[in-house]
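Listed below are the residues making up each chain.
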Amino acid sequence: VNLICTNIPGTEDPRWLAGQKIESLIPIAPSAEKVPLTVCLFSYVDNLGIGISTDPEAIPDHDKLKSYLEDAFEEVLRLDGHRARPRRKTRPRKA
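Residues numbered from 1 in each chain as written. Predicted model: local features only at pLDDT ≥ 70, side-chain atom pairs only at ≥ 80, totals over all residues. Heavy atoms only, no water.

J.: Whenever I open this one, the overall build of the chain confuses me. Can you help?
T.: When helices and strands are tallied, the chain shows 1 helix and 5 strands. Along the chain, from the amino end to the carboxyl end, the secondary structure elements read β-β-β-β-β-α. By residue count, 16% of the 95 residues in the chain fall in the buried class. Counting contacts in the chain only where the partners sit at least 6 residues apart, residues at least 24 apart contribute 42% of the total. Surface accessibility of the chain: about 8,200 Å² in total, with carbon and sulfur atoms responsible for 55%. (Helix = DSSP H or I, 4+ residues; strand = E, 2+ residues; numbered from the N terminus. Buried < 20%, exposed > 50% of the residue type's maximum accessible area, 1.4 Å probe, protein only. Contact = heavy atoms within 4.5 Å. Areas by Shrake-Rupley, 256 points an atom, 1.4 Å probe, with all protein chains shown as cover.)

J.: Before we go on, may I ask you to explain helix α1 (residues 62–79) in this structure?
T.: Residues spaced three or four apart along an α-helix point in a common direction, a consequence of the helix completing one turn every 3.6 residues. For α1, built from 18 residues, the straight-helix expectation of 26 Å at 1.5 Å per residue is met to within 8% by its first-to-last C-alpha distance of 26 Å. Positive phi appears at G81, one or two residues downstream of α1, with a value of about 90°. (Expected span 1.5 Å × (residues − 1).)

J.: Is there a simple way to explain a nonpolar patch on the surface in this structure?
T.: There is a patch of nonpolar side chains on the surface, built from L48, I50, I52, L69 and F73 and spanning about 420 Å² of accessible area. Those elements giving two or more residues to the nonpolar patch turn out to be β5 (47–54) and α1. Ranked by residues supplied to the nonpolar patch, first place goes to β5 with 3 residues. Tracing the backbone shows L48 in strand β5. (Patch = residues over 30% accessible without salt bridge, like charges linked within 9 Å, V, L, I, M, F, W, Y side chains within 5 Å. Salt bridge = Lys/Arg side-chain N within 4 Å of Asp/Glu carboxyl O.)

J.: Whenever I open this one, the state of the cysteines confuses me. Can you help?
T.: What we call a disulfide is simply a covalent bond connecting the sulfur atoms of a pair of cysteines. Applying the stated criterion across every chain yields a total of 0 disulfides. Just so you know, C5 is unpaired, no disulfide at all, and the nearest cysteine sulfur is the one on C40, 8.3 Å from it. (Disulfide = S-S within 2.5 Å.)

J.: Got a minute to help me understand unusual backbone geometry in this structure?
T.: What you tend to see is this: most non-glycine residues have negative phi, and most peptide bonds are trans. In this model, A18 sits at a positive phi of 55°, which is unusual for a non-glycine residue. With respect to the element layout, A18 can be found in the loop between β2 (16–17) and β3 (20–21). The exposure class assigned to A18 is exposed, which follows from its relative accessible area of 77%. Although it is not a glycine, V45 sits at a positive phi angle of roughly 55°. With respect to the element layout, V45 can be found in the loop between β4 (37–44) and β5.

J.: Even after reading the chapter, I still don't get the sheet that holds strand β1 (residues 3–8), so can you show me in this structure?
T.: The strands making up a sheet associate through backbone hydrogen bonding, with each pair oriented either parallel or antiparallel. One open sheet holds the 3 strands; their spatial order is β1-β4-β5, and the pairing between them is mixed. Sheet topology places β1 and β5 at the edges, where each strand pairs with a single neighbour. The sheet shows a mean angle of 10° between the axes of neighbouring strands, direction not considered. Bridge count between β4 and β5: 8 bridges; the pairing is antiparallel. Each residue of the ladder has a partner; that of V39, found in β5, is I52. Lying on the sheet, α1 is in contact with β4 and β5; it crosses β5 at an angle near 155°. (Pairing = 2+ DSSP bridges. Axes fitted to C-alpha atoms, helices over the stretch in contact; angles between N-to-C directions.)

Remember that the coordinates give geometry; whether it matters functionally is a separate question.
This is the structure:
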């Protein structure tokens, strides 16, 4: 197995926790032993989150993979008539 990919459709309606509206959710793509790449798609209200986990030995340059995926996603949006949004900065990974 080289890749695990999940697509988890979330709710279209906002949810609350402890009296507070949940603004966003973070998709987590757990790694599996000897699987170099895991991708998780998770929707919530009108947002789509993408979580990616990589095995650093199999994919040493995960930033390049991230860049390729962002470029491909922006291309899909352009083809659908959307303008590309500014890229959000991600937190650096801890070693």
